[in-house]
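# Summary of the model geometry
The lines below spell out each chain.
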Amino acid sequence: MQIQYLTSKALLAQDNGSLVTGGVVVAMPFTNADEAQRSAKLMASRANAPGMILCICDESEEGFITLINRAFAKTQSAYFAYVAQDAFAGKDWLKEALSAMGDQKHFLGFNDGKWAGALAGFGLARRSWAAQNYEGNFFYPDYKRHYADAELTLLALQAGVYAYDPSSLLVEVDWDKDGAVVDPGDRQLFLERKKTGFDGKVSNPALLNLIS
């Protein structure tokens with residue numbers, strides 16, 4: 001698995017679909033270059049599957065969701081994954097994830113050490129499925145930092161295409177995560193979108209009440 005580094009502006013200058021790789025594109029927005037490099041090297045060495053880790057320096061503070069959507073638009077691959085700069089990969093993390101998805105599942109939540117599969121804090125999607133959800137965006141574009149992964153998880157659960165395998169380990173090593181406050185605007189947006197079933201894509205009451 002190769003590693004490529006780009007600034008957010010350099011990625012913007014690329015033509016849509018111009019970055020092509022076989023297998024999986026793993027998009028990693030970052031603000032700390034040392035953390036990103038360390039995480040990417042370990043992920044690449046332990047993936048045991050083909051693809052590219054695309055590390056994107058958020059030089060203009062555009063935010064995680066914006067850069068993931070940009071990376072999705074600028075790349076071509078069968079699968080697309082998103083991670084943060086503090087990801088710690090287990091052995092064969094990507095090989096195990098692809099095996100767990102098989103032919104029938106389209107979205108997988110990695111074992112991130114926190115959600116136990118209930119939420120894809122870090123996730124892997126079949127590109128053909130993801131491209132249909134938000135008019136070509138990977139995440140709903142109005143989120144800034146939080147809840148976009150929660151919404152996408154609910155869409156996959158509703159459709160019966162969500163996968164989870166605890167052996168596919170990609171842990172978020174954030175020592176202050178449990179004490180962090182979620183973006184209030186993102187939370188309000190999530191609650192408003194939940195009232196409409198996320199544009200009618202989620203109708204199961206149990207799923208609509210799964211995440212508050």
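It should be noted that the structure appears before, not after, this text.
Residues numbered from 1 in each chain as written. Predicted model: local features only at pLDDT ≥ 70, side-chain atom pairs only at ≥ 80, totals over all residues. Heavy atoms only, no water.

In this fold, Phe139 is placed in the loop between helix 5 (127–130) and helix 6 (148–159). Residue Phe139 is classed as buried on the basis of its relative accessible area, which comes to 1%. Remark: the alpha-carbon pair of Phe139 and Leu170, spanning 31 residues in sequence, is separated by 20 Å. (Helix = DSSP H or I, 4+ residues; strand = E, 2+ residues; numbered from the N terminus. Buried < 20%, exposed > 50% of the residue type's maximum accessible area, 1.4 Å probe, protein only.)

The biggest cluster of nonpolar side chains holds 42 residues, and the ones touching the most others in it are Phe107, Phe138 and Tyr143. Mapped onto this core, the elements with two or more residues apiece are strand 3 (24–30), strand 4 (51–57), helix 3 (64–74), strand 6 (79–82), helix 5, helix 6, helix 7 (184–195) and helix 9 (205–208). Here the element with the most residues in this core is helix 6; it accounts for six residues. (Core = buried A, V, L, I, M, F, W, Y, C linked by side-chain atoms within 4.5 Å.)

This brings us to the side chain of Thr21. Looking at where Thr21 falls in the secondary structure, it is placed in the loop between strand 2 (19–20) and strand 3. For Thr21, the contacting residues outside a window of four places in its chain are Gln2, Gly51, Met52, Gln76 and Ser77. (Contact = heavy atoms within 4.5 Å.)

The subject of this paragraph is the pairing of strand 9 (residues 123–126). A two-sided burial pattern is seen for strand 9, the buried positions comprising Gly123 and Ala125 on one face and Leu124 and Arg126 on the other. The pairing of strand 6 with strand 9 spans four bridges and is classified as antiparallel. When the sheet's bridge partners are listed, Tyr82 is paired in strand 9 with Gly123. With three bridges connecting them, strand 8 (residues 107–109) and strand 9 associate as antiparallel partners. Following the sheet pairing, Gly109 is matched in strand 9 by Gly123. (Pairing = 2+ DSSP bridges.)

This brings us to helix 3. The element helix 3 is largely enclosed, with a buried count of eight among its eleven residues. Turning to helix 3, its buried residues are Ile65, Leu67, Ile68, Asn69, Arg70, Ala71, Phe72 and Lys74.

The seven strands lie next to each other as 1-4-3-6-9-8-10, forming an open sheet whose pairing is mixed. Sheet topology places strand 1 (2–7) and strand 10 (162–163) at the edges, where each strand pairs with a single neighbour. Running over the sheet, helix 2 (residues 33–46) touches strand 1, strand 3 and strand 4 and is turned about 160° from strand 3. (Axes fitted to C-alpha atoms, helices over the stretch in contact; angles between N-to-C directions.)

This brings us to the environment of Gly113. If you trace the backbone, Gly113 turns up in the loop between strand 8 and strand 9. Its relative accessible area of 61% is what places Gly113 among the exposed residues. In this structure the C-alpha to C-alpha distance between Gly113 and Val171, which are 58 residues apart in sequence, comes to 5.4 Å.

Here we come to the pattern of salt bridges. Working definition: two side chains of opposite charge can pair if their charged atoms are close together. Per the stated rule, a full pass over the model turns up five salt bridges. The shortest N-O distance in the salt bridge between Arg193 and Glu151 comes to 2.7 Å. Note that Arg193 is positioned in helix 7 and Glu151 in helix 6, a separation of 42 residues in sequence. For the pair shown, Arg193 and Glu151 are each scored as buried. Note that Arg193 and Asp199 form a salt bridge whose closest N and O atoms lie 3.0 Å from each other. Through salt bridges that share partners, Glu151, Arg193 and Asp199 make up one connected network. (Salt bridge = Lys/Arg side-chain N within 4 Å of Asp/Glu carboxyl O.)

Moving on, we get to the layout of surface pockets. Estimates place the volume of the second largest pocket at around 210 Å³. Along its surface, the second largest pocket is lined by ten residues, and Arg38, Ser39, Asp86, Ala87 and Val173 are the ones closest to its centre. Every element with two or more residues in the lining of the second largest pocket is listed here: helix 2 and strand 7 (87–89). Looking at side-chain class alone, the lining of the second largest pocket contains five nonpolar, two polar and three charged residues. (1 Å grid on protein atoms, 1.4 Å probe; cavity = no way out; pocket = protein on both sides within 12 Å on 5 of 7 lines; lining within 4 Å. Points joined across faces, edges and corners; volume = space filled by probe spheres on them. Nonpolar A, V, L, I, M, F, W, Y, C, P; charged D, E, K, R; others polar.)

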